[in-house]
Every structure is written in C-alpha cells, then in structure tokens.
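# Commentary on secondary and tertiary structure
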Amino acid sequence: MPTKPLEVGVCSWSLQVKSIPELKGFMDRLGINLVQIACGDPHHAAWDEGDNMPKAAKAAGFVMGGAMLGFPGEDYTTPQTIQKTGGFGDPALRPERIERLKWALNRTRELGLTDLMLHAGFLPEVGDPDRKPFLDTLTKVSQLAADKGVTVAFETGQETSALLRQTLDDLKCPNLKVNFDPANMLLYDKDDPIKAVERLAPDIRSVHVKDANRPKKPGTWGEEVLLGKGQTDTKKFLLTLKMVGYTGPLFIEREVGDPQQRFNDIAHGVRFIRDVIA
C-alpha cells in the first residue's frame, strides 16, 4: 500500500491501457506514482504481458495500491442488466465466479499486494430469502482470501450504505472491507455519499474519486461528470474522509470519454484533489 496518507493515484482501466509501459508512460505524464491495477483476468481484461504482467508491473517503478477484479459477463448497459449479471448475484454464476476469484487472489499475491477490489453484486435486503445464500457466498470469499492473506474490498453503489453496513456487521469477516465510490451511489441513485462515508468509515479500505449526477428518470443511469462538477460535492467528500480519519489512497476513476479526454479529465482530477487536501 502507499506510504503517504491520502496519496493521489489512478485506476489503470480508466486510462484504457493494454501494457505496463503504456501505463507507466501515462502515470509519468500525470505526475503520479500510485495505481490501483486491473489484475488482468485473461477472460475479461487481459494485459499484453499475459502471465508476465506481475513481474513487469513490479519492475516498472510505480506503487500499486491494490488490484481490481471484474467478472466476464458483467453487463453495465442498464442498472437492470448489471443487477442480473453483477458480482455474485446470480446463483448459477457463483461457482465459476468463485474460480475467477481464486485466480485473482493468486494474481494479487503475484503482484506483491494484499488488497483485491471487486463488485460483490446487488446485496439482498434483510428478510429476503436470497440473503442467506448470498452472505454464505461472501463468507466463502472471505475464507478463500484469508487463506491467501488478502483483504477483499467491495465497491459501493448498488446498495444503500445502511444495507452495506448491516451486511458487513452480519458477516463479521475482518478481511471484508469497502472500496468507496461516491459517484456510484449517485449513478445508481442509492444514497448520499457524505452520510455514507460517516456510516462506513471504520471499513473504508480504499477510495475511487469520481463525480456524477443522479438519474433524471428512475431506473436509468445517472451521468458521470468531471470531478467537482457533479452532485458528489467532491470537496466536501474529501474533507469528510479526512474528518473521519481516513488516511488511505485516493484513486481517480474516469469511465467516460475517449482516451485523450479521459487523460485530460484525470489530470484535472489530480490538480483538484491536491488543491483540496493541501
């Protein structure tokens, strides 16, 4: 993990890079040395280096603050499609996704890391008959990760912070934490990011810094926007993180625009965050 509190980094997939030298080149141009790195599942988001990616990444000279796993078949076309296809939500997909997780845990360790981020899927509400089998699956995730000395952080967004708080409390797995993305809470129209920080503070392991506006029509996506231009209130969000004692990394994530636009927007984000937390 990074050595400096609240160090600004970037999510590798936001730069749409396919190789480690390409990633290093962009990071040098951005003036940052910290990355949350896509672990490179060959069935989902491969790196040109293939199985040699961890060796190349460790030799590149940047700091990695955790790996990210996405699952093959996750469909973000609409909130409804990702509810059906995301994370461990579909019982029929759980066995193969557990196998993907095992691969990712090994890759995380090969990268010299102990943190893996992923979307757990839409958490069932308390009282829902699907809740126990879902939580049993997340307990298995915890056990598999613990065997490898890995902490798994679930990305926020699909559920309210109250439901995520309740779920973590019910699971009682010390190596299951939160990868906090304030914009996702708005994109899914689920929560107030500032109140959510306060509720989830003890378990926030890492942060995606992203901005968005809520959907204009229920059941559709909100809109991701330039950092500081949306309803996240990014300045207040960053100051709230400091207030609750968060000292971990701040990874800029940008998921819209062509590569040049993304680079420009991320460069803006680096300046914005550094100005706020200075």
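This text goes with the structure placed above it.
One structure accompanies this document, and this report is about it. It should be emphasised that the depicted structure is a prediction, and the values quoted were computed from it without experimental measurement.

Parameters at a glance
- As a convention, each chain's residues are numbered from 1 in the sequence order in which they are written.
- Only residues with pLDDT of at least 70 are given local features in this predicted model, and only at 80 or more are side-chain atom pairs given and counted; all residues enter the totals for whole chains, interfaces and linings.
- In computing side-chain properties, one takes all heavy atoms of the structure into account and sets aside hydrogens as well as water.
- Where helices are involved, their axes are fitted lines through C-alpha atoms of the stretch in contact, as for all axes, and angles between N-to-C directions lie from 0 to 180°.
- A run of H or I in DSSP counts as a helix once it spans at least four residues, and a run of E counts as a strand once it spans at least two, with each numbered from the N terminus.
- Note that the term roughly parallel is reserved for angles under 35 degrees, roughly antiparallel for angles over 145, roughly perpendicular for angles of 65 to 115, and oblique for everything else.
- Two helices that cross are described as forming a left-handed crossing if the nearer one is turned anticlockwise from the farther one by less than a right angle, and a right-handed crossing if clockwise.
- Residues count as neighbours in contact if any of their non-hydrogen atoms are within 4.5 Å of one another.
- In this classification, the charged set is Asp, Glu, Lys and Arg, the nonpolar set is Ala, Val, Leu, Ile, Met, Phe, Trp, Tyr, Cys and Pro, and all remaining amino acids, among them Gly, are polar.
- Geometry of aromatic contacts follows a simple scheme: Phe, Tyr and Trp rings, the Trp one being its six-membered ring, pair when their centres are within 6.5 Å, and the pair is stacked under 30 degrees between planes, edge-to-face over 60, tilted otherwise.
- Relative accessibility decides the category of a residue: with a 1.4 Å probe and only protein chains considered, values under 20% of the type maximum give buried, values over 50% give exposed, and everything between is partly exposed.
- What counts as a salt bridge is simple: a side-chain nitrogen of Lys or Arg found within 4 Å of a carboxyl oxygen of Asp or Glu.
- To count as a disulfide, a pair of cysteine sulfur atoms needs to be within 2.5 Å.
- Between any two strands, at least two bridges found by DSSP are needed for them to pair.
- Under this definition, polar contacts are N or O atom pairs within 3.5 Å; protein pairs additionally need one hydrogen-donor-capable and one acceptor-capable atom, and for neighbouring residues in sequence, both atoms have to be side-chain atoms.

Two elements in contact, helix α1 (residues 20–30) and helix α10 (residues 259–277), have axes separated by 10 Å at closest approach and are oriented at 45°. It follows that α1 is oblique to α10 by the angle criterion. By crossing handedness, the relation of α1 to α10 is classed as right-handed. Mapping the contact onto sequence places F26, R29 and L30 in α1 and F263, I266, A267 and V270 in α10. When the residues that make up the contact of α1 with α10 are grouped by side-chain class, the tally is 6 nonpolar, no polar and 1 charged.

Now for the packing of aromatic side chains. Both the distance between ring centres and the angle between the ring planes are used here to describe each pair of aromatic rings. Here the structure, examined in full by the defined rule, presents 5 aromatic pairs. Taken together, a centroid distance of 5.7 Å and an interplanar angle of 25° make the contact between F180 and F237 stacked. Separated by 57 residues along the polypeptide, F180 in strand β6 (residues 176–180) and F237 in helix α9 (residues 234–243) bring together distant segments of the chain. By the burial criterion, F180 is buried, and F237 matches it.

Applying the stated criterion across every chain, the model contains 17 salt bridges. With its nearest N and O atoms 3.0 Å apart, the salt bridge here joins R131 to D170. Pair noted here: R131 is in helix α5 (residues 131–147) and D170 is in helix α6 (residues 161–171), with a separation of 39 residues, a long-range link. On the basis of relative accessible area, D170 is assigned to the partly exposed category, the value being 35%. In this structure, K132 engages D136 in a salt bridge whose closest nitrogen and oxygen atoms are separated by 2.9 Å. A residue pair is termed a helical-turn pair when its members lie 3 or 4 positions apart in one helix, as K132 and D136 do in helix α5 at 4 residues. Here K132 falls in the exposed class, since its relative accessible area comes to 57%. For D136, a relative accessible area of 40% corresponds to the partly exposed category. Connected via shared salt-bridge partners are R165, D169, K177 and D203.

A separate point is unusual backbone geometry. In this structure, K172 takes a positive phi of about 55° despite not being glycine. Take K172: it is sitting in the loop between α6 and β6.

For the structure on display, the rule yields 0 disulfides. The thiol of C39 is unpaired, and the distance to the nearest cysteine sulfur, on C11, comes to 13 Å.

Along β6, 5 of the 5 residues are buried, which leaves the element largely enclosed by surrounding structure. Because side chains alternate across β6, one face comprises the buried residues L176, V178 and F180, and the other comprises K177 and N179, equally buried. Both strand β5 (residues 151–155) and β6 contribute to a ladder of 4 bridges, which runs parallel. If you follow V152 over to β6, its bridge partner there is L176. Looking at chain direction, β6 and strand β7 (residues 204–209) are connected through 3 bridges and run parallel. When the bridges of β7 are listed, F180 appears paired with V207.

The two faces of strand β4 (residues 115–118) match: D115 and M117 on one face and L116 and L118 on the other face are all buried. Across 3 bridges, strand β3 (residues 63–69) lies against β4 in parallel orientation. Looking at the pairing, M68 lines up with M117 of β4. Pairing geometry for β4 and β5, over 4 bridges, is parallel. Looking across to β5, one finds that M117 is bridged to A153.

The next point concerns the environment of S12. Here S12 shows up in the loop between β1 (8–11) and α1. Each C-alpha atom, one on S12 and one on I252, is 9.4 Å from the other, the two residues being 240 residues apart in sequence. In this structure, S12 is in contact with V17, L23, V35, Q36, I37, A38 and W47, ignoring residues within four places of it in sequence. A distance of 2.9 Å separates the side chain of S12 from the backbone nitrogen of A38, its partner in a polar contact.

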